[in-house]
Amino acid sequence: MKNMFNIYYINNEKASEISMLFDNQIVEKITRIKNTELALAGDVDATTGAASKIPVIGQYLPSVDLNGNLSHNRSNRVEDTVKVVSSKSTILKPIYEKAKEVRRLDDSKVGNLVKIKDVYLTVVNSDDVMATKALMSGLVSQVPVEGMGNMNFTSLMEVMFKGSAYVLCGELPHRFGTNEHMMLKIPMSAENEMESQYSISDIEIGKVTVLGIYRGEFERCDVERKINRMMALNDSNKKNQEQSIDIQDSGTDIEDGVREEDKKVIPNTSVTQGKVHYIDVIAIIQDLNV
């Protein structure tokens, strides 16, 4: 069987809207009707003329001729009603079939519905994810505030980090030329965002297929700041720390004899530099061979 897959993640609202553009008719049930008809017809012609030739007996038999028609009709009707169950897989299937499979993203146009197979994905903001999930999960639910009583800290965190997301990056290897890098995001919520009890770490194991909308090529650092609020907050904090260090005396530290400017952490250039292709993800799936 073709086009069978297992869903790790799906943006159900986005997938439903795009799927309805292809076909807005939802099949609820299928009725199968089977008709069986049996018809028999024939002519009957009987005569006793041949029996008259029998010695002795034939001369006493009367001569009789019979003509008639026989017919018989029988019909049988059977109806089977099959209920069609609509699931996320059936909604995603038209998108999977219509999406264009691509091997190079630089040949894609903005707005293309793309299907990227055999790609490895990695979460690039795992530290931010752990901190955000801990705060949004209700680890600190009530915080006493002087003059106001207890404040619902969990609800406050959900509002503050509503735009937080898992930021995933993947590499498309090419036999000729340089490899391409792609980036996508999965919105973060207090509950599990994955399907079938999967976790975000399951996406990082092995190759997966990404279905989405191609949005173009951008600077990686700009995309990371725009698609994840926690990353933007961390960047602003780092800038504030660097400014405070610049204000301080740039002399040698008395304790270890090392200049303060030499003790600054060198940023990871592989994370903040370079260009990436951004994919507005619809689903992350695993193709099945049956």
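Note: the structure precedes this text.
Residues numbered from 1 in each chain as written. Predicted model: local features only at pLDDT ≥ 70, side-chain atom pairs only at ≥ 80, totals over all residues. Heavy atoms only, no water.

*Asks:* Can you walk me through the packing of aromatic side chains in this structure?
*Replies:* When we look at a pair of aromatic rings, we describe it by the centre distance and by the angle of the planes. Applying the stated criterion to the full structure yields two aromatic pairs. Positioned above the aromatic ring of Y96 is the side chain of K115, whose terminal nitrogen or guanidinium carbon lies 4.1 Å from the ring centre. (Phe/Tyr/Trp six-rings, centres within 6.5 Å; stacked < 30°, edge-to-face > 60°. Lys NZ or Arg CZ within 6 Å of the ring centre and 35° of its normal.)

*Asks:* Explain helix α6 (residues 220-227) to me, please; I cannot follow it from the model alone.
*Replies:* Note that an α-helix has 3.6 residues per turn; residues three or four places apart therefore point the same way. For α6, every residue scored as buried is listed here: R220, V223, E224 and I227. The buried side chains of α6 occupy one side of the element, clustering within an arc of 100° when seen end-on. (Buried < 20%, exposed > 50% of the residue type's maximum accessible area, 1.4 Å probe, protein only. Helix = DSSP H or I, 4+ residues; strand = E, 2+ residues; numbered from the N terminus. Arc of directions from axis to C-beta.)

*Asks:* Any chance you could explain the nonpolar core here in plain terms?
*Replies:* Side chains that are nonpolar tend, in soluble globular proteins, to be buried together. Ranked by size, the top nonpolar core spans 26 residues in total, and within it I116, L121, M182, L184, I186 and I284 carry the most contacts. Listing elements by their share of this core, those giving two or more residues are β1 (5-10), β5 (113-123), β8 (165-172), β9 (180-187), α5 (200-203), β10 (208-219) and β11 (275-287). In this view, L121 contacts L168, C169, G170, M182, L184, I203, E204, V208, V210 and I284; residues no more than four positions away in its chain are not counted. Listed in part, the 15 residues of the second largest apolar core include I91, I95, A99 and A283. (Core = buried A, V, L, I, M, F, W, Y, C linked by side-chain atoms within 4.5 Å. Contact = heavy atoms within 4.5 Å.)

*Asks:* Looking at this model, I keep getting lost on the pattern of salt bridges. Mind explaining?
*Replies:* When the charged atoms of two side chains with opposite charge come close together, those side chains can pair. For the coordinates displayed, the defined rule picks out six salt bridges. In this structure, E195 engages K88 in a salt bridge whose closest nitrogen and oxygen atoms are separated by 3.0 Å. Residue E195 is found in the loop between β9 and α5, and its partner K88 is found in helix α2 (residues 88-98); the two are separated by 107 residues along the sequence. Of the residues examined, E195 reaches a relative accessible area of 16% and is grouped as buried. The residue R103 makes a salt bridge to E101 at a minimum N-O spacing of 3.2 Å. A relative accessible area of 38% places E101 in the partly exposed class. When salt bridges with common partners are traced through the structure, they connect K14, R215 and D280 into a single cluster. (Salt bridge = Lys/Arg side-chain N within 4 Å of Asp/Glu carboxyl O.)

*Asks:* What exactly am I supposed to notice about the packing of helix α1 (residues 12-22) against α2 here?
*Replies:* In helix packing, the relevant descriptors are the interaxial angle and the interaxial distance, both defined with respect to the helix axes. Running from N to C, α1 and α2 cross one another at 60°; their axes reach a closest spacing of 9 Å. The pairing of α1 with α2 is recorded here as oblique in orientation. The two elements α1 and α2 cross, and the hand of that crossing is left-handed. Only K88, I91, L92, P94, I95 and K98 of α2 make contact with α1, whose side of the interface consists of N12, A15, S16, I18, S19 and F22. (Axes fitted to C-alpha atoms, helices over the stretch in contact; angles between N-to-C directions. Parallel < 35°, antiparallel > 145°, perpendicular 65-115°, else oblique. Left-handed = near helix turned anticlockwise from the far one by under 90°.)

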